[in-house]
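Structure assessment
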4 protein chains.
Amino acid sequence: MLKGIYTPIITPFKENGDIDYESMDYNLEKWIATDLDGLVVLGSNGEFVFLSQEEKIELMIHVIKKVDKRKKIIVGTSCESTRETIKFSNQAAQAGADAVLVLPPNYFKKAMNDEVLFTYFTEVADNVNVPLMIYNMPGNTGISMTSSVIARLSKNKNIIGIKDTSGDIVHIGEMIRDVDKDFTVFVGNAGYLLPALCLGAKGATLALANCLPEDCCKLVQLHRENKLAEAIALQLKMIEINKMVTGVYGIPGLKVALDQKGYKGGFPRRPLLPLEQGKKEALLKIIEEYDQQKWES
Amino acid sequence: MLKGIYTPIITPFKENGDIDYESMDYNLEKWIATDLDGLVVLGSNGEFVFLSQEEKIELMIHVIKKVDKRKKIIVGTSCESTRETIKFSNQAAQAGADAVLVLPPNYFKKAMNDEVLFTYFTEVADNVNVPLMIYNMPGNTGISMTSSVIARLSKNKNIIGIKDTSGDIVHIGEMIRDVDKDFTVFVGNAGYLLPALCLGAKGATLALANCLPEDCCKLVQLHRENKLAEAIALQLKMIEINKMVTGVYGIPGLKVALDQKGYKGGFPRRPLLPLEQGKKEALLKIIEEYDQQKWES
Amino acid sequence: MLKGIYTPIITPFKENGDIDYESMDYNLEKWIATDLDGLVVLGSNGEFVFLSQEEKIELMIHVIKKVDKRKKIIVGTSCESTRETIKFSNQAAQAGADAVLVLPPNYFKKAMNDEVLFTYFTEVADNVNVPLMIYNMPGNTGISMTSSVIARLSKNKNIIGIKDTSGDIVHIGEMIRDVDKDFTVFVGNAGYLLPALCLGAKGATLALANCLPEDCCKLVQLHRENKLAEAIALQLKMIEINKMVTGVYGIPGLKVALDQKGYKGGFPRRPLLPLEQGKKEALLKIIEEYDQQKWES
Amino acid sequence: MLKGIYTPIITPFKENGDIDYESMDYNLEKWIATDLDGLVVLGSNGEFVFLSQEEKIELMIHVIKKVDKRKKIIVGTSCESTRETIKFSNQAAQAGADAVLVLPPNYFKKAMNDEVLFTYFTEVADNVNVPLMIYNMPGNTGISMTSSVIARLSKNKNIIGIKDTSGDIVHIGEMIRDVDKDFTVFVGNAGYLLPALCLGAKGATLALANCLPEDCCKLVQLHRENKLAEAIALQLKMIEINKMVTGVYGIPGLKVALDQKGYKGGFPRRPLLPLEQGKKEALLKIIEEYDQQKWES
């Protein structure tokens, strides 16, 4: 089922911190009109950690209804406990999610050895009515899932793939080498999309695709068409802007980029603060340079 | 207000994962009968991350009622968003908590610079009706709060102290040097309690005090009485068992130690798994050696 | 000048720790008979840090004479001080080296900021009579050179390229994007050779090419011929054996692999210890599996 | 033999990079006139890594003769190979060193497991005619020696102690708990001298003692006399200046501090650059504040 480019959609907030559903709907129609293969709701970039459980459910239901099968929808349903993750994942299934995206529990980092993680994902997958995608995200969780536990989990019929944001290209190679043939390896960062595709990755879930969906999809297409010189040029062009909106400036930066590219970023929710003026100007300059830069080799 | 030894009480679960209130009450009476200065409910060792919001509130209210002012009670009220932390902290105030213990938000690690953390803790402290204690816990959060942001926050009248589990003794010194004089520095690990006291720390919140409250309190007393040779002997004796139940074997190990020392540890909640047999035996042997070892120099 | 595959040749030692020149000469003739583009003498895998300065000079002269221009020769001339590196690099130039490979000084890790590193490499490059290749090797040095200082250094006419063993594929992309057009980016690990080539890297200096020179050269060739499915299969096949002889078992493992593949590995020099029997058997099994595995897709 | 405060003496260089023996002799007489228990020659702060082997031997002989038994002398004799370390250590013994200070070999970080390190230090100790002190310095070497291998090594009659600059106070406790009773634990940083003494450490080797020998010795004395409130005040006062001259500004900063305190710092040797003007002024201000600050509680 999984291929191509998904984007983990941002959640626009009003200045008072409430969810801005109007802006959300505006963005949804724009994303639906692109070549994106699907959307991830309640992912990291959706600031899912800042939403109450009630808000998460409401937002998930809203988006699934609004999209109305025009794009695939994956819902982030990670909780720290096995029972809460199962419960929420089944609520997502009920609401019509195509799949759920699940992080390793990560508060007790030292306790999350292969055996605990294998048991966790197995128990969740075996008790939910929806396909499960693993989300390996060491930068936020402090946990690097090993390729061997991922290979073991890939044999579970209800675990269909992984979004891997480790940035470790050898680890990506090991997964591609070892996982079950029906299991999909996605990467989670536009900074190394091309090298991952060249190793056999099937696609990606990219924060950058919130604001630059066409370019992200174009890179996949260039790779498919074996236009490698052009693909390299586009990949190299994307590195800097991607670093800014996923690393240096984070979600507040990504929201500025969305505003600039015709979407509605809205405010981040506290504790995140809006990008301060100096950083905002620096980012707008980078976006402008990006737009002006030719990448055809 | 804060001094001496607090323990972040564990939450005993039944095998099916439900909270075992009977065992909780049993333990509470035992802890109340010790020299402990207070209890922390919904701390890391209470597996707060595995409880639903409803369970957290129920458990907090239950414990505060049961203890009935026989010990000070600090409630862990950390949520990732500012608004959720304020809401929950005020619920704790309402329930009768003496203070709340608040972690830095930590999912978006790279975004948590001094300014974001200063704003977060200030906004929470300024909007809650209960004294706030900062909880710096890099091992679980991946975030090391700087001594300079802690010094700035110490000036806020409603921020009364810090539990610091960084393990960085120079950082502890910097805090003691720089914080407001009414602000209390506690450490959060029994492995370096004596060196911290010798630098001027006022006490500690210790997982180990769940099962060894007397020895933890004794070490504080020896330091107060300037019996340093005995204090060193006791501190060195405590390092190994502390490492086992806070680091190597974690909460499942701590629960085994509680069972062994006459408390009711119960099961950990999934994804945590009960200690496997071989590790359990190794731990019991360490506990036995601990009990047999004389520490008076 | 730089392209294709170089190997940083090992130094075979006798059991008493003396250099085994006979084995060295045996290996040299074998490597010369392969498609390798060149050899690196006194690289990490040559255990250069264990040789006295006198031994280094003697070995360098010996190898350059023996190879007699049948392959390009790069000499590792890193010392910690600017003056020693200049002196030794000029001795290498005198001996006939085609280039020198220079690490950042790395004992004072915290002091090695961009300015110190820029000044170091500039002063060395400006005072030696031989082209200089930068060697970024965070795993051994604890120093990650930034892409921006590398881009600045790439403008120096006497700095002709970099061997980068960071493993950070985004960093590799940034270098390819930013360096002077005559500056060559090589990677230093066979585990991610294909992804690096797909981003525009010109070649590699590979420990694995000591024992598997043909396969390393074959991967470059498959990439050049745009046979990507075959290239992926070969790259994935190489990951495990490469991990064993460069990471897990290190130089003692690499020497066992050389023995197994018809070269003469000899002993490592103390403090390195020969691979113990159990590990040796495990490695031989991996080599056997490697040899039996077909990689044509 | 080992107790109290040693200082790893800096090596003053002329602007052209040559060793400035005149300044060295000037400093030696000043250090000899203090309460320091001994000097370390060719330590990290002596920039030993930037000296040729010939310079090291010359400098070692010069200092030992000049000091002429008025202070204990420890010589840093670390080389990467076992044979070179043995050779150089015996040269130090011949020259009259009281002990040698030896780092773990550290270029091949991943290979330096407990077994390799145990064998290395054992082979060195068993083949040299001078007592050996281990130097655990993770910040520069990237290697953290475990307390268990240190405990095993402490049983060797010719291994008399350790200088530990790990900064890990629990690790320090473990060593004090486990080492042979004739084995001395020294710490290597003035930022945590008091907590280490309070755990049972016997002394320290401190870069800061180059420029503030009296205060470093005073802290040991206050601890001995059980004047803990004064000791805390002095320890807290020392943290900031120590951080600046050992961490933030490193050796170039330490040399500025020496100049300011009446010693002759001289130039650092390249690649290290003299402190730039802005940093120099910032450091001088910190030194001035240090001098004006009362620490008696």
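Residues numbered from 1 in each chain as written. Chains lettered and ligands numbered in written order. Predicted model: local features only at pLDDT ≥ 70, side-chain atom pairs only at ≥ 80, totals over all residues. Heavy atoms only, no water.

Side note on the pattern of salt bridges
The criterion, for reference: Each salt bridge in this description consists of a side-chain nitrogen of Lys or Arg and a carboxyl oxygen of Asp or Glu lying within 4 Å of one another. Under the DSSP-based scheme used, a helix requires at least four consecutive residues in state H or I and a strand at least two consecutive residues in state E, with every element numbered from the N terminus. Each residue is assigned to one of three classes by its accessible area relative to the maximum for its type, calculated with a 1.4 Å probe on protein chains only: buried under 20%, partly exposed between the two thresholds, exposed over 50%.
In total, this model carries 56 salt bridges over all chains according to the counting rule given. For the salt bridge of arginine 152 of chain A with glutamate 115 of chain A, the shortest nitrogen-to-oxygen distance reads 3.8 Å. Of this pair, arginine 152 of chain A sits in helix 6 (residues 147–153) while glutamate 115 of chain A sits in helix 4 (residues 114–125), placing them 37 residues apart in sequence. Among the residues examined, arginine 152 of chain A registers a relative accessible area of 36% and is labelled partly exposed. Residue aspartate 291 of chain C is joined to lysine 261 of chain C by a salt bridge in which the shortest nitrogen-to-oxygen separation is 2.8 Å. Here aspartate 291 of chain C is found in helix 12 (residues 277–292), whereas its partner lysine 261 of chain C is found in the loop between helix 11 (250–260) and helix 12, with 30 residues between them in sequence. On the basis of relative accessible area, lysine 261 of chain C is assigned to the partly exposed category, the value being 25%. One connected set of salt bridges, linked through shared partners, spans Arg177 and Asp178 of chain A together with Glu240 of chain C.

Observations concerning the sheet that holds strand 8 (residues 203–205) of chain D
Residue and element names in this part refer to chain D. Selection criterion: Two strands form a pair only when DSSP identifies at least two bridges running between them. A fitted line through C-alpha atoms represents every axis, and for helices the fit uses only the stretch in contact; the resulting angles, taken between N-to-C directions, go from 0 to 180 degrees. Any pair of residues with heavy atoms lying within 4.5 Å of one another is described as a contacting pair.
Spatially, the 8 strands close up into a barrel ordered 1-2-3-4-5-6-7-8, and their pairing is parallel. For this sheet, the mean inter-axis angle between neighbouring strands, taken without regard to orientation, is 25°. In this structure, strand 5 (residues 132–136) lies alongside strand 6 (residues 159–164), joined through 5 bridges in parallel fashion. Along strand 6, the bridge assignment pairs tyrosine 135 with lysine 163. Set on the sheet, helix 4 (residues 114–126) makes contact with strand 4 (99–102), strand 5 and strand 6; between it and strand 5 the angle comes to about 155°.

What to know about the interface of chain C and chain D
A common measure of how large an interface is: the accessible area buried when the components associate. Selection criterion: By convention, the term buried area covers the 1.4 Å-probe accessible surface removed from two parts as they join, with the contributions of both added. The term polar contact refers here to a pair of N or O atoms within 3.5 Å; inside protein, the definition further demands a hydrogen-donor-capable atom paired with an acceptor-capable atom, and it admits residues adjacent in sequence only when both atoms are side-chain atoms.
Counting residues at the interface gives 44 residues for chain C and 44 residues for chain D. Between chain C and chain D, the buried area comes to about 3200 Å², and carbon and sulfur atoms account for 60% of it. It is Arg83, Tyr107 and Phe108 of chain C that lose the most area in chain C upon contact with chain D, and together they represent 23% of the buried surface on that side. Counting across the chain C and chain D interface gives 4 salt bridges. Between arginine 83 of chain D and aspartate 18 of chain C there is a salt bridge whose closest N-O contact spans 3.1 Å. Viewed at the interface, chain D and chain C are joined by 14 residue pairs in polar contact (both at pLDDT 80 or more). Secondary structure elements with two or more residues in the side of chain C that touches chain D: helix 2 (53–67), helix 3 (82–95), helix 4 (114–125), helix 5 (138–141) and helix 10 (228–248) of chain C.

Description of the relation of the copies chain C and chain D
Selection rule: In superposing the copies, a least-squares fit is computed on C-alpha atoms, taking residues whose pLDDT is at least 70 in both.
The transform that puts chain C on chain D rotates by 180° and translates by 0.0 Å along the axis, for an RMSD of 0.0 Å. Taken together, the rotation and translation describe the operation of a two-fold axis. The rotation axis passes nearest to the C-alpha of glycine 142 of chain C in chain C, at a distance of 3.3 Å. The residues that chain C uses at the interface reappear at the interface of chain D in 100% of cases, marking a shared surface.

A word on the packing of helix 10 (residues 228–248) of chain D against helix 11 (residues 250–260) of chain D
Residues and elements named next belong to chain D. Here is the rule we go by: Roughly parallel covers angles under 35 degrees, roughly antiparallel covers those over 145, roughly perpendicular covers 65 to 115, and oblique covers all other angles. When residue character is reported, Ala, Val, Leu, Ile, Met, Phe, Trp, Tyr, Cys and Pro are called nonpolar, Asp, Glu, Lys and Arg charged, and the others, Gly included, polar.
In contact at an axis separation of 6 Å, helix 10 and helix 11 are set at 130° when each is read in the N-to-C sense. Judged by the angle between their axes, helix 10 and helix 11 are oblique. Where helix 10 abuts helix 11, its residues Met244, Val245, Thr246, Gly247 and Val248 lie against Gly250, Gly253, Leu254 and Ala257. Here the contact of helix 10 with helix 11 is built from residues that sort into 5 nonpolar, 4 polar and no charged.

Quick look at the arrangement of the chains
Separating chain B from chain C is a minimum C-alpha gap of 18 Å, and the two share no contact. Here chain A and chain D are not in contact; the least distance found between their C-alpha atoms is 18 Å.

Side note on the interface of chain A and chain B
Taken together, the contacts link 44 residues of chain A with 44 residues of chain B. Carbon and sulfur atoms supply 60% of the area buried between chain A and chain B, which totals about 3200 Å² over both sides. Among the residues chain A hides against chain B, the three largest losses belong to Arg83, Tyr107 and Phe108 of chain A. Together they make up 23% of the total. Where chain A touches chain B, the interface holds 4 salt bridges. For the salt bridge of arginine 270 of chain A with glutamate 123 of chain B, the shortest nitrogen-to-oxygen distance reads 2.7 Å. At the surface where chain A touches chain B, the tally comes to 14 residue pairs in polar contact (both at pLDDT 80 or more). Mapped by element, the contributors of at least two residues to the side of chain A that touches chain B are helix 2 (53–67), helix 3 (82–95), helix 4, helix 5 (138–141) and helix 10 (228–248) of chain A. A per-element tally of the side of chain A that touches chain B places helix 4 of chain A first, with 5 residues. Classifying every residue of the side of chain A that touches chain B by side-chain character gives 17 nonpolar, 14 polar and 13 charged.

Let's talk about the environment of alanine 93 of chain D
All names here are of chain D. As for its position among the elements, alanine 93 is in helix 3 (residues 82–95). Taking C-alpha positions, alanine 93 is 8.8 Å from proline 131, a pair spaced 38 residues apart along the chain. When sequence neighbours within four positions are dropped, the list of residues in contact with alanine 93 reads Asn129 and Val130.

Examining the nonpolar core
So the rule is basically this: Nonpolar core, defined: a set of buried Ala, Val, Leu, Ile, Met, Phe, Trp, Tyr and Cys residues in which side-chain atoms within 4.5 Å join the residues together.
Ile5 of chain A, Ile5 of chain B, Ile5 of chain C together with Ile5 of chain D are the most contacted members of the largest nonpolar core, which has 467 residues in total. Among residues more than four places away in sequence, those in contact with isoleucine 5 of chain A are Leu36, Asp37, Gly38, Leu193, Ala204, Leu206, Ala209, Cys216, Cys217 and Val220 of chain A.

A short note on the environment of isoleucine 10 of chain C
Within the secondary structure, isoleucine 10 of chain C sits in the loop between strand 1 (4–8) and helix 1 (21–32). Separated by 258 residues in sequence, isoleucine 10 of chain C and proline 268 of chain C have C-alpha atoms that sit 9.2 Å apart.

A word on the relation of the copies chain A and chain B
Once chain A has been moved 0.0 Å along the axis and rotated by 180°, it coincides with chain B to within an RMSD of 0.0 Å. Mapped onto chain B, 100% of the interface residues of chain A are again interface residues, and the two copies thus contact each other with one and the same surface.

Some points on the sheet that holds strand 2 (residues 38–41) of chain C
Residues and elements named next belong to chain C. One closed barrel holds the 8 strands; their spatial order is 1-2-3-4-5-6-7-8, and the pairing between them is parallel. The average angle at which neighbouring strand axes cross in this sheet is 25°, direction not considered. Sheet analysis places strand 1 next to strand 2, joined by 3 bridges and oriented parallel. Counted as the bridge partner of proline 8 is valine 40 from strand 2.

Quick look at helix 11 (residues 250–260) of chain A
The buried fraction of helix 11 of chain A amounts to 9 of the 11 residues, a majority that puts the element mostly inside the structure. Those residues of helix 11 of chain A that sit buried are Gly250, Ile251, Pro252, Gly253, Leu254, Lys255, Val256, Ala257 and Leu258 of chain A.

Some details on the side chain of lysine 109 of chain B
Looking at the secondary structure, you find lysine 109 of chain B in the loop between strand 4 (99–102) and helix 4 (114–125). Of note is the side chain of lysine 109 of chain B, whose polar atom sits 2.7 Å from the backbone oxygen of asparagine 106 of chain B. Setting aside residues up to four positions removed in sequence, lysine 109 of chain B forms contacts with Lys109, Gly139, Asn140, Thr141 and Gly142 of chain A together with Thr141, Gly142 and Ile143 of chain B.

Section: the side chain of threonine 119 of chain A
Examined against the element boundaries, threonine 119 of chain A turns out to sit in helix 4. From its side chain, threonine 119 of chain A meets the backbone oxygen of glutamate 115 of chain A in a polar contact 2.8 Å long. When neighbours within four sequence positions are excluded, threonine 119 of chain A is seen to be in contact with Arg270 and Leu273 of chain B.

Topic: unusual backbone geometry
The step from arginine 270 of chain A to proline 271 of chain A runs through a cis peptide bond, and the omega angle for that step is 20°. By the element assignment, proline 271 of chain A lies in the loop between helix 11 and helix 12 (277–292). Located in the positive-phi region is asparagine 226 of chain B, a residue other than glycine, with phi close to 60°. Checked against the element boundaries, asparagine 226 of chain B lands in the loop between helix 9 (213–224) and helix 10 (228–248).

Describing the packing of aromatic side chains
Aromatic ring pairs: the centre-centre distance and the angle between the two ring planes describe each pair. For clarity, the threshold we go by: Note on aromatic pairs: the rings of Phe, Tyr and Trp (six-membered ring only in Trp) are paired at centre separations within 6.5 Å, and the planes decide the class, stacked below 30 degrees, edge-to-face beyond 60, tilted for the rest.
This model, assessed by the stated rule, comprises 24 aromatic pairs over all chains. Ring centres of tryptophan 31 of chain A and tyrosine 263 of chain A lie 5.7 Å apart, and the angle between their planes is 25°; on these two criteria the pair is classed as stacked. Here tryptophan 31 of chain A is found in helix 1 (residues 21–32), whereas its partner tyrosine 263 of chain A is found in the loop between helix 11 and helix 12, with 232 residues between them in sequence. Each member of the pair, tryptophan 31 of chain A as well as tyrosine 263 of chain A, is classed as buried. Among the aromatic residues, those joined into a cluster by ring pairs are Phe48 and Phe50 of chain A together with Tyr107 and Phe108 of chain B.

Brief notes about the pairing of strand 2 of chain C
Residues and elements named next belong to chain C. Convention followed: Here the term right-handed applies to a crossover when the path leading from its first strand over the helix to its second strand runs clockwise, the strands being oriented away from the viewer.
Residues Gly38 and Val40 of strand 2 are buried on one face, and the alternating residues Leu39 and Val41, pointing to the opposite face, are buried as well. Taken together, strand 1, helix 1 and strand 2 form a β-α-β motif whose crossover is right-handed. A crossover links strand 2 with its parallel partner strand 3 (residues 72–76), the connecting element being helix 2, and its sense is right-handed.

Focus on the pairing of strand 7 (residues 184–187) of chain A
Residues and elements named next belong to chain A. Neither face of strand 7 is exposed, since Thr184 and Phe186 on one face and Val185 and Val187 on the opposite face are all buried. Bridge analysis of strand 6 (residues 159–164) against strand 7 gives 4 bridges, and the strand direction is parallel. By the bridge assignment for strand 7, glycine 161 is matched with threonine 184. Handedness of the β-α-β unit built from strand 6, helix 7 (residues 169–178) and strand 7 comes out right-handed. Where strand 7 lies against strand 8 (residues 203–205), 2 bridges are found, and the strand directions are parallel. Looking at strand 8, one finds that valine 187 is bridged to alanine 204.

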